[in-house]
Amino acid sequence: MKYNLDKRTFLKLFGITFFSFFLMPFKFANAVTKKVINENLTKKQKEIMFNEGTERPFTSDLLNEKREGFYHCANCGAKLFASTAKFDSGTGWPSFTEALPGAFKTKIDYSFGMRRIEYHCANCGVHHGHVFADGPNETGKRFCNNGLCLIFKPSSSN
Ligand SMILES: [Zn+2]
């Protein structure tokens, strides 16, 4: 009887250790708390922001946006880019040479057989795009952002 109990305890502890070891990466992955703040997000916006999707190139209304102002997170409203950092990369996605300080957190994304640096809104954690090292100016960076994740607010309408 004593032996059975010990065996059961052992198996239980072993099981807990075993599963926590294997589930650890998932816990880390979910450590960035993403939650819907803007209840009006569309299905497509949610797919990009919460499942790291990508919008079709040349579909964003923001590609031709040239007014002065700031680009905000479509989910939480955090200020992410200044219009002065925007440039036409020809890729079909709104592109920027730099983000506002502390706007994003990055992580390495190995999907599609590529090694890319993905970035998330530092405030709400949602996916925005990827940053590449082939930018046109001294920052050397190119932030390739899904237009659906951004809301542009022109300076004049502050
Ligand atoms: Zn955000």
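Residues numbered from 1 in each chain as written. Predicted model: local features only at pLDDT ≥ 70, side-chain atom pairs only at ≥ 80, totals over all residues. Heavy atoms only, no water.

Summed over the entire model, instances satisfying the criterion amount to eight aromatic pairs. Relative to Phe96, the ring of Tyr71 has its centre 5.1 Å away and its plane inclined at 70 degrees; by these criteria the two rings are edge-to-face. Placement of the pair is Tyr71 in strand β1 (residues 69–73) and Phe96 in strand β4 (residues 95–96), with a sequence separation of 25 residues. Neither residue differs from the other here; Tyr71 and Phe96 are each classed as buried. Considering the side-chain rings of Phe81 and Phe96, the 3.8 Å spacing of their centres and the 5 degrees angle between planes classify their relative orientation as stacked. In this pair, Phe81 sits in strand β2 (residues 79–82) while Phe96 sits in strand β4, placing the two residues 15 residues apart along the sequence. (Phe/Tyr/Trp six-rings, centres within 6.5 Å; stacked < 30°, edge-to-face > 60°. Helix = DSSP H or I, 4+ residues; strand = E, 2+ residues; numbered from the N terminus. Buried < 20%, exposed > 50% of the residue type's maximum accessible area, 1.4 Å probe, protein only.)

The coordination sphere of the zinc ion contains the protein donors Cys73 (SG), Cys76 (SG), Cys121 (SG) and Cys124 (SG), at a distance range of 2.3 Å. Each of the four donor atoms bound to the zinc ion contributes to angles spanning 103 to 117 degrees, and the resulting shape is tetrahedral. All donor residues of the zinc ion come from one chain, and their arrangement in sequence is C-x2-C-x44-C-x2-C. Residue classification places Cys73 among the buried residues on the basis of a relative accessible area of 1%. (Donors = N, O, S within 2.8 Å, 3.2 Å for Na, K, Ca; no water. Tetrahedral: all angles 85-135°; square planar, octahedral: opposite > 155°, others 65-115°.)

Let us now look at the pairing of strand β5 (residues 104–109). Taken together, the six bridges between β5 and strand β6 (residues 116–121) define a ladder with antiparallel strand orientation. Following the sheet pairing, Lys107 is matched in β6 by Glu118. (Pairing = 2+ DSSP bridges.)

In this section: the environment of Glu65. On the secondary structure map, Glu65 appears in the loop between α2 (43–51) and β1. Between the C-alpha atoms of Glu65 and Phe152, which are 87 residues apart in sequence, the distance is 8.4 Å. Within the local environment of Glu65, its side chain forms a polar contact with the side chain of Arg67, the two groups lying 2.8 Å apart. (Polar contact = N/O pair within 3.5 Å; in protein donor to acceptor, adjacent residues only side chain to side chain.)

Moving on, we get to a nonpolar patch on the surface. Taken together, the side chains of Ile108, Tyr110 and Ile117 present a nonpolar region at the surface, about 290 Å² in accessible area. Judged by its relative accessible area of 37%, Ile108 is partly exposed. (Patch = residues over 30% accessible without salt bridge, like charges linked within 9 Å, V, L, I, M, F, W, Y side chains within 5 Å. Areas by Shrake-Rupley, 256 points an atom, 1.4 Å probe, with all protein chains shown as cover. Salt bridge = Lys/Arg side-chain N within 4 Å of Asp/Glu carboxyl O.)

Attention shifts here to the pattern of salt bridges. One side chain can pair with another of opposite charge once the charged atoms of both are near each other. As enumerated under the stated definition, the model contains six salt bridges in all. With its nearest N and O atoms 3.4 Å apart, the salt bridge here joins Asp109 to Arg116. The exposure class of Asp109 is buried, given its relative accessible area of 10%. Looking at Arg116, the relative accessible area reads 15%, which means it is buried. Ionic pairing is found between Arg142 and Asp134, a salt bridge with its closest N-O pair at 2.7 Å. The exposure class of Arg142 is buried, given its relative accessible area of 12%. Relative accessible area serves as the criterion here: at 48%, Asp134 is assigned to the partly exposed category.

Here we come to the nonpolar core. In this structure, Leu80 and Phe81 are the most contacted members of the largest nonpolar core, which totals 23 residues. Taken together, the elements giving at least two residues each to this core come down to α2, β1, β2, β6 and β9 (150–154). Apart from residues no more than four positions distant in its own chain, Phe81 is found in contact with Gly69, Phe70, Tyr71, Phe96, Glu98, Ala99, Leu100, Phe104, Tyr119, Phe143, Asn145 and Leu150. (Core = buried A, V, L, I, M, F, W, Y, C linked by side-chain atoms within 4.5 Å. Contact = heavy atoms within 4.5 Å.)

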